[in-house]
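Each chain, written out:
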Amino acid sequence: MSSIIQLLPDHVANQIAAGEVVQRPASVVKELIENAVDAGATEIKLIVKDAGKTLIQVIDNGKGMSVTDARLCFERHATSKIRHAEDLFSLHTKGFRGEALASIAAIAHVEMKTKQDQEELGTHIVVEGSKFVSQEVAVLPKGTSFSVKNLFFNIPARRNFLKSDTVEFRHVIDEFERVALAHANIHFVLFHNGSEMFNLPASNFRQRIVNVFGGKTNEKLVPVKESTEIVEIQGFVGKPEFAKKSRGEQFFFVNDRFIKSPYLHHAVMAAYEGLLKDGCQPSYFLYLDLPPHTIDINIHPTKTEIKFDDEQALYAILRSSIKHSLGQFNVAPVLDFERDATLDTPYDYSGKDAETPLIQVDANFNPFLEEDTKPVTNFSASFSGNMTSGTRSAGSNPSFSAGGYKKETSGQNWESLYVGLKQATEEVEIGEIQLESEEVTGSLFDEHTIDEVSNNRTYQIHKKYIVSPIKSGMLIVDQRRAHQRILYEQFLTNITVHQASSQQLLFPLELYFSKAELAIITELKPSLESTGFVFEAFHDDRVTISGLPVNVAESEVTILLEELIGDLQGELPENSFSQCDRIAKSMARSLAVKTGTYLTEHEQETMVNTLFACKEPNVSPFLKPTFITMRVEDIDKRFAL
C-alpha cells in the first residue's frame, strides 16, 4: 500500500499559518507596528489606504537590518527575539514566534526598505506571495519601511470575507490605539487615504490618553497607583458619572502589551460595585508590571491572552487599589458618620505645610466715623471715598453720608394704598352668582358615562402594560416595545422618504468624542440630518449641534449618540438601506419610553392607536411581540375551575 502522508510545500504552509496570524488588515498593522517598537524606534508612521486592503505602510526610525537579516526575516520561525526555549519565560519584546513576516509575505505584495545607522547603503527587497522578486542596494534613511499591498490577493475567499472599509478601518484604529497607549514615549502618526487621523507626540501616559480620546477625557480620569511584591499597578480609571453603555475605553496592559482578561475586568467591576447604573461600563487604562517568569504569553497567536501564576492575589490587589483611588479622590463615599467631607485635606496637599495668608487688614478702620475724624490710611480712605461720593449729593448732613445705612421712611400711611379701590362686592349682583346646591341630586355615575368609559378607556398596569377592552375580550400592550415600533417606523420614513422637521436650539450643544467616534458620526451625518439633527460644525475632538429632532430632548442627545455609536461599533453592512435601518433601530431603542414610566390616559390611547396605524404592529423592531389578546372565553375558563 502506497504512502499518503507527505510534507506540504513551504508556500502552502505559509498560507495556512497566515490564517492564524493575519485575519484582517488590522492584524498586519499590529504585527508591523510591534516590530517597529521592538526595533527601538522613536517615531512610527502608519499609512493606510482603503482601510488596509490596498496599502498598509509602516515607517520607523529604528535600528534597521543588515543585508542578511533583511532576507532571512521572511523565513518561517526566523526571529531575533529569542534563542532558547527558556527565553519564552523572560520576554521583553512584542514578537517572538517568527511567523508574522512570513505569513504576511505569503498573502500579499510586500516591499521592504531597511538600513542600519552605521551602514552607508540599505537594502530594498520585493516579495510577492512568498516569492522573492528582487533584492537591490538602495540609498535609504535610517530605519525600516514595510509596504504591504493587495492583501489576500492569492486567497480570494478570505478577501471576500472582509467587511466594509468603515468596519475594517475601525479595527485598524483599535490596533493602532492599543500600541500607542502602551508606548507613550514614541511619536505615532496615522494617515488614512491621504488625511491625517492621529498625530500623537511623545508624552506621558495621561497626556497620551487625552490625545487619543479627546480633551474632555482629562476631567474623567482618576489616577491609580499601587506597588507590591507581586505587581506594580499604575494608570487611570474613569469616574462613575462618565460610565457608558459600551465597553470601548477599557484597556489592560501587562508589561506594555495589550491584553484581554475577563477575570481582571471582573475585578474592576467589583471595585465599582454600587457606583454604576445598570448596564454601564467604566473606562479604565491600567498598566500592570509583573516579573516575566510569572506570566505565560505563548497561548494564542495574537498574544492578547495571558496566563498568570497567582490570579487570585492579582484580583485582590487590583480591586483594592481601584477602590482606594476612588475613595482618595472623593469619587466613592466613605462610611464614616463622624467625618465632614468638606474639611478633608486634598490628596495633593496632604504632605504640604500650611502657608500664612498674605491679606493685611486695617484694624483702625471704622465706616461710622465722621469724614474729618477718620484715620487716613490707603485702605480706609479709598473705601470711605467710594461710599460717600454717591451719598453727599443727597443731603448736606455728614452723618447721612458717613453712615449710608439709614432708609428714608415714607410719610404715607399704609391705609393710603387702598384709597381709590372700589368695593367689588357692591357691584356684583346676587343674581349672577351661581351657588352649589347643598343637596346632591342624581347618581354619582351616569349610566351613559359608564358605557362610554367602559368602551374607550385604557388602563396602565405596573407602569409597564396598557390594557384596552375590545369586543372579543381585552388587549394587553407592552408600552416600551410598542413605542419602539412607532419610533422605528417614523425614523425609517424620515431617513428614506423625506426630511424630518427639527427644533432649533437657542444655545448650540458642544459634544466631545474621540476621533474614532467622530469618524462614525461624520459618516452617519446625512442619515442623522434626515431624522432632524442639524450639525453646525465638526472639530478635531467635538461636534456642534444646533438643531434636534422634535421628539428628542436636549438632555438625551449625548446618551442617544453614544448608544448609536456603540451599536455601530460592530459589523456595519455596506448597503445604505441596512445602515439606515440600523440607525432607526438604535434611535428607537434609546428614545422609547422606559418601563416604569407613568402614562396619562390620553398618552395611553394615543400609543395604542398609533401602534395599530403602523405597517407591522405585531412585533417590535427587534422581532418581539408588542401585544397579546385575551378572549372572554379564556377568562371564563379560568373562573370555571
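Structure's up top.
Our subject in this report is the structure included herewith. Since the model is a prediction, treat every value here as computed from it, not as a measurement.

Thresholds, definitions, all that
- Along each chain, the written sequence defines residue order, and numbers are assigned to residues from 1.
- Side-chain atom pairs in this predicted model are given and counted only at pLDDT of 80 or more, local residue features only at pLDDT of at least 70, and totals for whole chains, interfaces and linings cover all residues.
- Excluding hydrogens and water, the side-chain values take into account all heavy atoms of the structure.
- By this definition, two strands are paired if DSSP reports at least two bridges between them.
- A run of H or I in DSSP becomes a helix once it reaches four residues, and a run of E becomes a strand once it reaches two; helices and strands are each numbered from the N terminus.
- Helix axes are fitted to C-alpha atoms over the stretch in contact, other axes to C-alpha atoms as well, and angles between N-to-C directions run from 0 to 180 degrees.
- Here, two residues are considered to be in contact whenever any of their heavy atoms come within 4.5 Å of each other.
- Nonpolar core, defined: a set of buried Ala, Val, Leu, Ile, Met, Phe, Trp, Tyr and Cys residues in which side-chain atoms within 4.5 Å join the residues together.
- Residue exposure (1.4 Å probe, protein chains only): buried if accessible area is under 20% of the type maximum, exposed if over 50%, otherwise partly exposed.
- Patch construction takes residues with relative accessible area above 30% that form no salt bridge. Like charges are linked within 9 Å, and nonpolar side chains (Val, Leu, Ile, Met, Phe, Trp, Tyr) are linked within 5 Å.
- Only the protein chains shown count as cover for residues, and the accessible areas themselves come from Shrake-Rupley with a 1.4 Å probe.
- A carboxyl oxygen of Asp or Glu within 4 Å of a side-chain nitrogen of Lys or Arg is what we treat as a salt bridge.

## Considerations on the pairing of strand E7 (residues 187-192)
Strand direction decides the pairing type here: strand E1 (residues 43-49) and E7, joined by six bridges, are parallel. Bridging from a neighbouring strand, Ile44 pairs with Phe188 of E7. Two elements, E7 and strand E8 (residues 195-200), share five bridges in a ladder whose sense is antiparallel. Bridged to Phe188 within E8 is Leu200. Counted along the chain from E7 to the antiparallel partner E8, the turn is two residues long, and its residue Asn193 has a positive phi close to 50°.

## Quick word on the sheet that holds strand E20 (residues 534-538)
The three strands lie next to each other as E19-E21-E20, forming an open sheet whose pairing is antiparallel. Since the sheet does not close on itself, it has two edges, and those belong to strand E19 (502-512) and E20, each with one partner. Recorded for the sheet is a direction-independent mean angle of 15° between the axes of neighbouring strands. Here E20 runs beside strand E21 (residues 542-549); their pairing, made up of four bridges, is antiparallel. Note that in E21 the partner of Phe535 across the bridge is Ile545. The strands touched by helix H15 (residues 515-531) within the sheet are E20 and E21, with E20 carrying the most contacts at an inclination of about 155°. Of the strands in this sheet, E19 and E21 are in contact with helix H16 (residues 557-568), which crosses E19 at around 65°.

## Observations concerning the sheet that holds strand E22 (residues 627-631)
Read across the sheet, four strands follow the order E16-E17-E18-E22 without closing on themselves; strand pairing throughout is antiparallel. The sheet is open, and its two borders are formed by strand E16 (459-461) and E22, each paired with just one other strand. Within the sheet, the average angular offset between the axes of one strand and its neighbour, ignoring direction, is 25°. The pairing of strand E17 (residues 465-469) with strand E18 (residues 473-478) spans five bridges and is antiparallel. Of the residues in E18, the one forming a bridge with Pro469 is Met474. Against the sheet, helix H14 (residues 479-496) engages E16, E17 and E18, with an angle of about 70° to E18.

## Here we look at the nonpolar core
Core analysis: the biggest nonpolar cluster contains 60 residues, and Leu32, Leu46, Phe74, Val148, Leu181, Phe188 and Leu190 have the highest contact counts within it. At eight residues, the largest contribution of residues to this core is made by helix H6 (residues 165-182). Setting aside anything within four residues of it in sequence, one finds Phe74 in contact with Leu101, Ala102, Ala105, Val110, Met112, Ile125, Val127, Phe132 and Phe146. Within the second largest apolar cluster, 33 residues are counted, among which are Leu524, Leu560, Ala584 and Ala588.

## Description of the environment of Ile297
The residue Ile297 is located in the loop between strand E14 (295-296) and strand E15 (307-308) in this model. Among the residues examined, Ile297 registers a relative accessible area of 7% and is labelled buried. Measuring from C-alpha to C-alpha, the distance between Ile297 and Arg257 comes to 9.8 Å, with 40 residues separating the pair along the chain.

## Side note on a nonpolar patch on the surface
Together, Leu121, Val137 and Val139 make up an exposed nonpolar region whose accessible area comes to about 320 Å². Summarising the element assignment, Val139 is placed in the loop between strand E5 (131-138) and strand E6 (143-149). For Val139, a relative accessible area of 72% translates into the label exposed.

## Focus: unusual backbone geometry
Negative phi is the rule for most residues except glycine; trans is the rule for most peptide bonds. Non-glycine residue Lys463 carries a positive phi angle of around 50°. Mapped onto the elements, Lys463 comes out in the loop between E16 and E17. Positive phi, normally seen in glycine, also occurs at Leu623, with a value near 60°. Topologically, Leu623 is positioned in the loop between helix H18 (601-611) and E22.

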